[in-house]
Structures are given as structure tokens and as C-alpha cells.
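# Architecture and fold: a report
Each chain, letter by letter, is given below.
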Amino acid sequence: MKEIIKRVLILSLGWFFIILGIIGLFLPVLQGILFLFIGLIILSRASKTVRGWLEKLKNRYPKFGYYLDKAKE
């Protein structure tokens, strides 16, 4: 039961940051890319699909991979 609640909380928080990031892409006050980045990192803890997306991004954009590794430390 605790695992399910933890997974739901992680997914909810990750999607919250993704939505905030999308809104931030259109509003100059919010840092959209930063919130998208945070949302992807959070979602990668609970979703194999997102983990795969991040691996593809790391291979395509090595600088992104560097910052991703720094953020996970």
C-alpha cells in the first residue's frame, strides 16, 4: 500500500512540474525549461518510459546528460 501511495505522489509531483514548465514556456516570469527538467527527473524515478526518454536525451545532447548526472547526485 505504501509503495502505491509513494508512486502516485511521485507521479503527481512530476506532472505538476511538467505542467508548470509548459506554462513557463509561455510566461516570461517562470523558468519553463527548469521546471520541465525537474519534472522529468522526478518522473524518471517512477516511470521506465521517462527513464528511456532521458537516456535518449543524454545520448543526443551530452551537455544535457552532464547536467542530469549532476542533478541526480
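These lines cover the structure that appears in this document, whether it is placed above or below. The model shown is predicted, which means the values in this text are computed figures rather than measured ones.

Turning our eyes to something else, we now look at the nonpolar core. The nonpolar side chains of a soluble globular protein tend to be buried, and buried together. Listed in full, the 9 residues of the largest apolar core are Ile18, Leu36, Phe37, Leu40, Ile41, Leu43, Val50, Leu54 and Leu68. Mapped onto this core, the elements with two or more residues apiece are helix H2 (32–44) and helix H3 (48–60). Top contributing element to this core by residue count: H2, with 5 residues. When near neighbours in sequence (up to four residues on either side) are disregarded, Leu54 contacts Leu40, Ser44, Phe64 and Leu68. Judged by nonpolar contacts, the second largest core, of 5 residues, contains Ile10, Phe17, Ile42 and Ala46.

With respect to the secondary-structure elements, Ser12 resides in helix H1 (residues 2–26). Once the C-alpha coordinates of Ser12 and Arg45 are considered, the two residues, 33 residues apart in sequence, prove to be 12 Å apart. For Ser12, the side chain forms a polar contact with the main-chain oxygen of Val8, separated by 2.8 Å.

The rules behind these values
Residues numbered from 1 in each chain as written. Predicted model: local features only at pLDDT ≥ 70, side-chain atom pairs only at ≥ 80, totals over all residues. Heavy atoms only, no water. Core = buried A, V, L, I, M, F, W, Y, C linked by side-chain atoms within 4.5 Å. Buried < 20%, exposed > 50% of the residue type's maximum accessible area, 1.4 Å probe, protein only. Helix = DSSP H or I, 4+ residues; strand = E, 2+ residues; numbered from the N terminus. Contact = heavy atoms within 4.5 Å. Polar contact = N/O pair within 3.5 Å; in protein donor to acceptor, adjacent residues only side chain to side chain.

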